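# Coordinate analysis (summary)
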Amino acid sequence: TAKNYGIRNILALRGDSPIPSAPFPHAIDLVKYIRKTTGDYFSISVAGFPEGHDESSDPVKELQYLKEKVDAGADFIITQLFYNCDKYLEFVKRCKDVGIKIPIIPGICPIQSYGAFQRILKLCPEVVPPKSVLESLEPIKNDDQAVKEYGIELAIEMCSYLMKNGVLEKSIRRILEGLHFVKDSDNSKPFPWISAKTRENETVRPIYWGNRADSYIERTDAWDEFPNGRWGDSRSPAFGEITGLNQKPVLPSIEARKQWGIPTTVANIFEVFVGYVKGIVDGLPWSVGPMSLESEIIRDQLIWCNSNGYLTVNSQPAVDGVASNHRVFGWGPKNGFIYQR
């Protein structure tokens, strides 16, 4: 169990749409169970949704659900990612108005690549970025390095804005102190989560920033460099664990049937894949958005493959030394060259 391994903090989420017979159909059920069976041993965090939940059209009711999770024993809230700071500030005010007094940590998610950003928006339709963000990304969307730099600048801008509006400053400082990136300014201020005392005597641990800063930087510097580029190193932590088939439903059942129909034969499945290649079907479980522009030059070959049962879930055309900032084939930093086979 988590307790046996010395874990002290749990983020209680419902996760994917629950199975009717699941023991914890909602996050509040898990919070109640943890408090009932372990008392105050664990620090429990729950999720908040500044821009609403995609399964709820009633923000008042959604806020009441959050209040119930807090009353059941949650210690702090981590919000869904957002890019509209005013929505977060409004959310915090509404939480206070209903009596929620625990810390609310904003979900700041720097944009790593344009493709990843688009996938996030597809999977989280309730997240609506300001028009200024979309306009800033449009001219640089094919330049991975420029998108990454913009993502960093935007995250800094968002944090600065929140700090100017009276939130976040202490949270940022305390998180940096907890990671030992800066010296403690006031040891009397507790974190909203519980420190894992059992880890103090571990013999095998990650490189410790405070003691071996140079080694830490050297070993981790490239961990997140363009993890979504073509065929990178699968050993990178940015890819996550390879677990085979993704069991998470990509779309709600109604939307899935609307987009893919109800295949009854193998040939029907071929037709769905062909429809995706032709641009008739918006997405597949492996590709939440349309095909990239570079696949246009092999579209006819892809149609033939899928029509004949060779179903394609990924593809790329051969490219021989085009510039890394090429409008269609480019990716990665500028002044490089792309080779694909």
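Residues numbered from 1 in each chain as written. Predicted model: local features only at pLDDT ≥ 70, side-chain atom pairs only at ≥ 80, totals over all residues. Heavy atoms only, no water.

Look at helix H10 (residues 266–278) against helix H11 (residues 299–307): their axes get within 8 Å of each other, and the N-to-C directions meet at 170°. On the basis of the axis angle, H10 is roughly antiparallel to H11. In this structure, H10 uses Phe 270, Phe 273, Val 274, Val 277 and Lys 278 to contact H11, whose residues at the interface are Arg 299, Leu 302, Ile 303, Asn 306 and Ser 307. The class makeup of the residues in the contact of H10 with H11 is 6 nonpolar, 2 polar and 2 charged. (Axes fitted to C-alpha atoms, helices over the stretch in contact; angles between N-to-C directions. Helix = DSSP H or I, 4+ residues; strand = E, 2+ residues; numbered from the N terminus. Parallel < 35°, antiparallel > 145°, perpendicular 65-115°, else oblique. Contact = heavy atoms within 4.5 Å. Nonpolar A, V, L, I, M, F, W, Y, C, P; charged D, E, K, R; others polar.)

Contact geometry of helix H2 (residues 59–71) with helix H3 (residues 85–97) gives a least axis separation of 10 Å together with a crossing angle of 65°. In this structure, H2 crosses over H3, and the sense of that crossing is right-handed. For the pair H2 and H3, contact is made by Pro 59, Leu 63 and Leu 66 and by Phe 91, Arg 94 and Cys 95, respectively. Residues of the contact of H2 with H3, tallied by class, amount to 5 nonpolar, no polar and 1 charged. (Left-handed = near helix turned anticlockwise from the far one by under 90°.)

The terminal C-alpha atoms of H10 lie 19 Å apart, and with 13 residues this matches the ideal 18 Å at 1.5 Å per residue to within 8%. Regarding H10, the residues found buried are Val 272, Phe 273, Val 274, Gly 275, Tyr 276 and Val 277. Against helix H9 (253–260) and H11 lie the buried residues of H10. (Expected span 1.5 Å × (residues − 1). Buried < 20%, exposed > 50% of the residue type's maximum accessible area, 1.4 Å probe, protein only.)

Moving on: the sheet that holds strand E4 (residues 104–107). What the 4 strands build is an open sheet, ordered E1-E2-E3-E4; its pairing is parallel. Edge positions in the open sheet fall to strand E1 (9–12) and E4, since each of these has one partner strand only. Pairwise comparison of adjacent strand axes, ignoring direction, gives a mean angle of 25° for this sheet. (Pairing = 2+ DSSP bridges.)

Inspection of the entire model under this criterion finds 5 aromatic pairs. Residues Tyr 41 and Phe 42 carry aromatic rings whose centres are separated by 4.9 Å and whose planes lie at 85° to one another, so their mutual orientation is edge-to-face. You can call Phe 42 buried: its relative accessible area is 5%. With 6.3 Å between their ring centres and 10° between their planes, Trp 304 and Tyr 310 make a pair best called stacked. Overall, the relative accessible area of 54% leaves Tyr 310 in the exposed class. Arg 8 extends its terminal NZ or CZ atom over the ring of Tyr 41, reaching a point 4.1 Å from the ring centre. (Phe/Tyr/Trp six-rings, centres within 6.5 Å; stacked < 30°, edge-to-face > 60°. Lys NZ or Arg CZ within 6 Å of the ring centre and 35° of its normal.)

Think of an α-helix as 3.6 residues a turn; residues three or four steps apart then line up on the same face. With 13 residues, H2 extends 18 Å from end C-alpha to end C-alpha; this agrees with the ideal 18 Å at 1.5 Å per step. A side-chain oxygen of the first residue of H2 lies 3.1 Å from the backbone nitrogen of Val 60; this N-cap is Asp 58. (Polar contact = N/O pair within 3.5 Å; in protein donor to acceptor, adjacent residues only side chain to side chain.)

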